[in-house]
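# Coordinates in review
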Amino acid sequence: VQLQASGGGTVQAGGSLSLSCAASGRALSAYAMAWLRQAPGKEREFVTAISWSSGRTYSADSVKGRFTISRDFAKNTLYLQMNSLKPDDTAVYYCAVRVRYTTVVATTEGWYDYWGQGTEVTVSS
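Because the structure is predicted, anything quoted here is derived from the model rather than measured.

Cut-off values and rules
Residues numbered from 1 in each chain as written. Predicted model: local features only at pLDDT ≥ 70, side-chain atom pairs only at ≥ 80, totals over all residues. Heavy atoms only, no water. Pairing = 2+ DSSP bridges. Helix = DSSP H or I, 4+ residues; strand = E, 2+ residues; numbered from the N terminus. Axes fitted to C-alpha atoms, helices over the stretch in contact; angles between N-to-C directions. Disulfide = S-S within 2.5 Å. Buried < 20%, exposed > 50% of the residue type's maximum accessible area, 1.4 Å probe, protein only. Contact = heavy atoms within 4.5 Å. Salt bridge = Lys/Arg side-chain N within 4 Å of Asp/Glu carboxyl O. Polar contact = N/O pair within 3.5 Å; in protein donor to acceptor, adjacent residues only side chain to side chain. Lys, Arg positive; Asp, Glu negative; His and termini not counted. Phe/Tyr/Trp six-rings, centres within 6.5 Å; stacked < 30°, edge-to-face > 60°.

### Side note on the sheet that holds strand β1 (residues 2–6)
Whenever strands of a sheet pair, they do so through backbone hydrogen bonds, lying parallel or antiparallel. Taken in spatial order, the four strands line up as β1-β3-β8-β7 in an open sheet, and their pairing is antiparallel. Looking along the sheet, the strands with just one partner apiece sit at the ends: β1 and β7 (67–72). Each adjacent strand pair in this sheet contributes to an overall mean axis angle of 15 degrees, direction not counted. Pairing of β1 with strand β3 (residues 17–24), which is carried by five bridges, proceeds in the antiparallel orientation. The residue bridging Ser6 from the neighbouring strand is Ser20, located in β3.

### Notes on the state of the cysteines
Taken as a whole, this structure holds one disulfide when the rule is applied. With its sulfur 2.1 Å from that of its partner, Cys21 forms a disulfide with Cys95. A torsion of 65 degrees about the S-S bond marks the disulfide between Cys21 and Cys95 as right-handed. Taken together, the residues Cys21 in strand β3 and Cys95 in strand β9 (residues 91–98) connect sequence positions 74 residues apart.

### Considerations on the environment of Ala13
Note that Ala13 resides in the loop between β2 (9–12) and β3. Judged by its relative accessible area of 40%, Ala13 is partly exposed. Taking the C-alpha atoms as reference, Ala13 lies 6.3 Å from Pro87; in sequence the two are 74 residues apart. Setting aside chain neighbours within four positions, we find Ala13 in contact with Leu85, Pro87, Val123, Ser124 and Ser125.

### A few points about the pattern of salt bridges
The final tally for this structure, using the stated rule, is six salt bridges. Of the charged contacts, one joins Glu45 and Arg37 as a salt bridge, the two residues approaching to 2.6 Å between their closest N and O atoms. The class of Glu45 is partly exposed, set by a relative accessible area of 37%. Overall, the relative accessible area of 5% leaves Arg37 in the buried class.

### Regarding the side chain of Arg66
Tracing the backbone shows Arg66 in the loop between β6 (57–59) and β7. Residue classification places Arg66 among the buried positions, given a relative accessible area of 10%. At 2.8 Å, the side chain of Arg66 and the backbone oxygen of Ser62 are in polar contact. A polar contact of 2.9 Å, which involves the side chain of Arg66, links it to the backbone oxygen of Ser84. Other than its neighbours up to four places away in sequence, Arg66 contacts Gln81, Met82, Asn83, Ser84, Leu85, Lys86 and Asp89.

### Describing the side chain of Arg98
Looking at the element boundaries, Arg98 is found in strand β9. Nearest to the buried, unbridged Arg98 among oppositely charged side chains is Asp113, at 4.4 Å. Not counting chain neighbours up to four residues away, the residues in contact with Arg98 comprise Ala30, Tyr31, Ala32, Trp111, Tyr112 and Asp113.

### Focus: the packing of aromatic side chains
Tallied over the entire structure, the rule returns four aromatic pairs. For the ring pair Tyr31 and Tyr101, a centre distance of 5.4 Å and an interplane angle of 90 degrees mean the geometry is edge-to-face. In this pair, Tyr31 is assigned in the loop between β3 and β4 (32–38) and Tyr101 in the loop between β9 and β10 (114–115), connecting sequence segments 70 residues apart. In this structure Tyr31 comes out as partly exposed when scored by relative accessible area, which is 32%.

In structure tokens:
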């Protein structure tokens, strides 16, 4: 399983960034994929997830209306469009995949099977 995240960087508050996560190997049999993040000194937290088959999305309240998760079957890629960024969004962002059978999508870290290496997002005030 390989998940390659990219697209992080530094942006001013109010700006936008787009993250990508290219999947290969067993990750191609995903039931769901997600983005989680870990801010300095904090635990990793759920950001948003998508059911790979239905496209239904789930988002944390803190990012609703600002972040959009999407996927491209042909490219086997997960995306995260982040708008109206805030300094509190500063974190390392990880993509994750669930390959074990499931009919639901969960927001807990342990529910996901494999993780990408993370890409750093810094939002300056």
